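# Architecture and fold: a report
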Amino acid sequence: MSENRIFWENEEKKLDELVQQAVFPGGDKAIARLAKQGKKPVRELIQKLIDPGTTFFELSRLAGFGMNYPGVPDIPCGGIVTGLGKIHGNWTMIVANDSRVKAGTYFPITLKKHIRAQTIAERCRLNCVYIADSGGAYLPMQAEVFPDENHFGTMFYNMAKMSAQGLKQITLSTGGNTAGGAYIVFMACQSVMIDKLAYSFLGGPPLVKMATGEIISAEDLGGAKVHTQISGGADHFCLNQDEAISRVREVLSLEPPQKLHINKYAEKNPNVNPDSVYDIMPANIYQGINVREFLKAISDESAFYEYKQNYAMGRGDNLVTGKIRIKGIPVGVIASNGVGIIFFEAARKAAEWIVRCSQDKTPLLFIQNSPGYMIGSESEHMGIGKYGSDMVRAVSCAQVPKVQLVIGPDNGAANYGMCGRAYKPHFIFATMRTRTAVMSGRSAAGVLLSIEQRQREESGNPMTEEEKQAFREEMIAKYDGEAHPFYCAARLLNDKVIKFREIRDWLSMAFEVSLLTKIGEPAFGNFRF
Ligand code: COA
C-alpha cells in the first residue's frame, strides 16, 4: 500500500468518526426516547420516503461542529438533515428537523443549512419535502435567528416563492411546530399531520394561558384533528409516521417526470481504477499534483479531451482545460495542475474555455488545487490582474451549471477564479485534502509577523527570536485550523466533504440535478484586450 493511500485512508477515518457523531446525536438513549413517542430517527423516515433501493445524497453532515454558541458548543449536523433523493423518479430536496438536537430548534447554522437547501431547490427546480419537528427559534439566540433577511422569515418566503413557481412544497409534520415554526405547516402546498404527534400553533398552551387565561391541551389547540377538520390549515390526517410517509409519496406521485437538459451518453466506467486517487494525491497539501492522472480516475473511459494542451507549457498548463464525461454527462473542466499557481497564460486560457463551454452549453467542473495567482513584477506587468479579472468575470457570468471540487489549496483570488462560494457554483464539494483560506498558514504568519515586528520596533520593544517563533506558530495553527475541511464544513462553506472514492457518484448527482433546468444564452461583460 502506498504511503499516500495510508495517509488518506486514515484522514477519511477521521471524517467517518465525525460523521458518526453527527448522525447519532444523543446515542441509543435519544433513539429510545423517540421510539417511546412513536417516532423513528429522521434518516429512517427519509429512507422510506425516497424510492426503494435509491440513495439519499445527504448534504453538510458536519455543519454545526465547534460553533460554540452560548452554552452549546456543537450542534450535530446543524440540527437539521438536508439532501437530495428521488421520489417517484424525480429528484426532490428533503429538509428534516432532527428533534434529538435541542428539540430541532433553529440556531444560526440550522437556518443557514435550511436556506441553502431551499436555494439549491429553487435554482434546480426541485420539489421540497419538509419533515417538520421543531421547537422553532432557539430562543437564547433570537436576535441572531429571527428578524433579518436569511433568518427565520426567509424559510417561509422561499416556500411561497417556490410554490408560486410551481415547485411543490410539502410538509409532513411529525412533532412540535410552534410560533413562527407553525408556518412550515400552513405555508405548504399540502401538509400532512399525524394524530397526537404533530402540533401546530402560533402560541403554545403555556403562552395561551399567560395571554388569555385559556387552559387548553396542545392536541385541542392545534393537533392534527384541529387542523385537518376545523381550521383547514393542514390537508391530510394520518395515524402514524409510516402512513404519513406513504401519503407524501402519494401526493407527489402525479408530478410530471423531470427532464435532463443535455445529451447524456451511455455511462461508462473509468479504464483506470477510480481508487487510484488514493495513491496519486500527495499527502503534502502543497506538493504538486498530476491532475491529468486524477482526471483519468474520475472520468468515463478515463478520457480527457484536452483543449490547448500545448499552450505556454510550464505556465499555461498550471491549469488544464478540456472535456470529460461523468457517468455519461459531458462536462467542461478547468483543473489546477502541478502546484496550481495561476500564471497569466493559464488565466487567459481558462477564461477562453469558460466562454467556449458557455456558448456550447456544456456545464463546468472546477477542480481547485491552487494557492493563488502568480505575483511579482513580471507577472503584474504581463497583466495577471487584468487576465485574472477576465477569468473571474467569465466565471461570474457563465450561465451553465457550475460545480466546484476542491482537492488541495484554495487560497486568495484563485478561490474566485476557480468558482468559490461567492461565484455561486451549484454545488461545492471538499475532500480531506481541501484547505480554504485567504492564504496558507505559513504565508499569513509571515505577513502578520512583519506587521507585528514593525509595531513593536516603533514602540521601542522589539520582538525576541522566541517571541517571533511563538507568534509564527500561533498564526500557522490558527490559519491552518480555519482552512481545514471540518472547520469550513461546520460553517457550510462547502456542501459536503466527500471521500475520494465518492467523487464520481456525487459529481454525477450534482450535474444531473443542475441540468434539470434549461440552460440560458451566454452573456458576458466587457473583457479587456
Ligand atoms: N429555544 C431554546 N431551547 C429549546 C426550545 C426553544 N425554542 N425548545 C426546546 N428547547 C430545548 C429544551 O430546553 C431542551 O433542552 P435540554 O435538553 O438542554 O433540557 C431541549 O430543547 C429538548 O426540549 P424538550 O422540551 O425536552 O423536548 P420535547 O420533545 O419534549 O418537546 C417541544 C419539544 C418543541 C414541543 C417543546 O420543547 C416546546 O414546546 N418548546 C418551546 C417551543 C416554543 O415555544 N417555541 C417558540 C419559538 S419561535
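These remarks concern the structure in this document. Throughout, a residue's number is its position along its own chain's written sequence, starting from 1. The predicted nature of this model means local features are confined to residues of pLDDT at least 70 and side-chain atom pairs, given and counted, to a pLDDT of 80 or more, with totals for whole chains, interfaces and linings taken over all residues. The side-chain values count all of the structure's non-hydrogen atoms but skip hydrogen atoms and water molecules.

Another aspect to go through is the overall build of the protein chain. By the criteria applied, helices consist of DSSP H or I runs no shorter than four residues and strands consist of E runs no shorter than two, each listed in order from the N terminus. Counting its secondary structure elements, the protein chain contains 21 helices and 16 strands. Here the globule rule is a power law, 2.2 Å times the number of residues to the power 0.38, and the radius of gyration is based on C-alpha atoms. Against the compact-globule benchmark of 24 Å for 529 residues, the protein chain has a radius of gyration of 25 Å, which places it among compact chains. Dimensions of the protein chain, computed from the C-alpha atoms along their principal axes, are close to 75 × 65 × 50 Å. Counting across all 529 residues of the protein chain, residues that qualify as buried make up 54%. Contact between two residues is taken to exist if any of their heavy atoms lie within 4.5 Å; hydrogens are not considered. Across the protein chain, the fraction of contacts at a sequence separation of at least 24, relative to all contacts at a separation of at least 6, is 76%. The Shrake-Rupley method, run with a 1.4 Å probe, gives the accessible areas here. Residue values count only the displayed protein chains as cover. Approximately 22,500 Å² of the protein chain is accessible, and the part contributed by carbon and sulfur atoms is 53%. Charge centroids of the protein chain, computed over 60 positive and 56 negative side chains, lie 4 Å from each other. Only protein chains enter the accessibility calculation, which uses a 1.4 Å probe; a residue whose area is less than 20% of its type maximum is buried, one above 50% is exposed, and one in between is partly exposed. When charges are counted, Lys and Arg are positive and Asp and Glu negative, with His and the chain ends excluded. Where a charge lies is defined by one atom per residue type, namely NZ (Lys), CZ (Arg), CG (Asp) and CD (Glu).

Moving on, we come to the site of the ligand. Near the ligand the following residues occur: Arg33, Gln37, Lys102, Ala103, Thr105, Gly135, Ala137, Tyr138, Leu139, Pro140, Thr178 and Ala179. Under the rule applied, a polar contact is a pair of N or O atoms within 3.5 Å (in protein, one hydrogen donor and one hydrogen acceptor; residues adjacent in sequence only if both atoms are side-chain atoms). Within the backbone of glycine 135, an N or O atom sits 2.8 Å from a nitrogen atom of the ligand. For the ligand, whose unbound accessible area comes to 870 Å², protein coverage reaches 51%. Throughout, the ten residues Ala, Val, Leu, Ile, Met, Phe, Trp, Tyr, Cys and Pro are labelled nonpolar, Asp, Glu, Lys and Arg are labelled charged, and all others, Gly among them, are labelled polar. When the residues that make up the shell around the ligand are grouped by side-chain class, the tally is six nonpolar, four polar and two charged. Any residue with at least one heavy atom within 4 Å of a molecule or strand is counted as near it.

Turning our attention to the environment of serine 440. Secondary-structure assignment places serine 440 in the loop between strand E15 (435-437) and helix H18 (441-458). Taking C-alpha positions, serine 440 is 42 Å from isoleucine 31, a pair spaced 409 residues apart along the chain. Each residue touching serine 440, except ones within four places of it in the same chain, is listed here: Tyr286, Asn411 and Asp480. In terms of polar contacts, serine 440 uses its side chain to reach the side chain of serine 443, at 3.0 Å.

The distinction between a cavity and a pocket rests on a 1 Å grid over the protein atoms alone: a 1.4 Å probe fits inside a cavity but cannot get out, while a pocket stays open yet meets protein on both sides within 12 Å along at least five of seven lines, and a residue with an atom within 4 Å of a point counts as lining. Grid points are joined across faces, edges and corners, and a volume is the space filled by probe spheres set on the points. What the largest pocket holds in volume is close to 580 Å³. Taken together, 27 residues make up the lining of the largest pocket; nearest its centre are Tyr286, Pro371, Asn411, Ser440 and Ser443. Along the lines of polarity and charge, the residues of the lining of the largest pocket split into 14 nonpolar, 10 polar and three charged. A volume near 500 Å³ is recorded for the second largest pocket. For the second largest pocket, the lining is made up of 17 residues, of which Ile115, Arg116, Thr119, Arg421 and Lys424 are closest to its centre.

The subject of this paragraph is the packing of helix H13 (residues 291-298) against helix H21 (residues 503-514). It is at 9 Å that the axes of H13 and H21 come closest, and there the two elements cross at 75 degrees. If you check the angle between H13 and H21, you find them roughly perpendicular. Contacts between H13 and H21 pair Phe294, Ala297 and Ile298 from the former with Ile503, Arg504 and Leu507 from the latter. Tallied by class, residues from the contact of H13 with H21 come to five nonpolar, no polar and one charged. Throughout, an axis means a line fitted to C-alpha atoms (over the contacting stretch in the case of helices), and angles, computed between N-to-C directions, take values from 0 to 180 degrees. Each angle is binned into one of four classes, with values under 35 degrees roughly parallel, values over 145 roughly antiparallel, values of 65 to 115 roughly perpendicular, and all other values oblique.

We now examine the packing of aromatic side chains. Paired rings are identified among Phe, Tyr and Trp, the last through its six-membered ring, by centres lying within 6.5 Å, and are further divided according to the angle between planes into stacked (under 30 degrees), edge-to-face (over 60) and tilted (the rest). Considering all chains together, one arrives at 17 aromatic pairs under this definition. Their ring planes at 20 degrees and their centres at 6.4 Å tell us that tyrosine 199 and phenylalanine 201 sit as a pair that is stacked. Residue tyrosine 199 is classed as partly exposed on the basis of its relative accessible area, which comes to 22%. For phenylalanine 201, a relative accessible area of 8% translates into the label buried.

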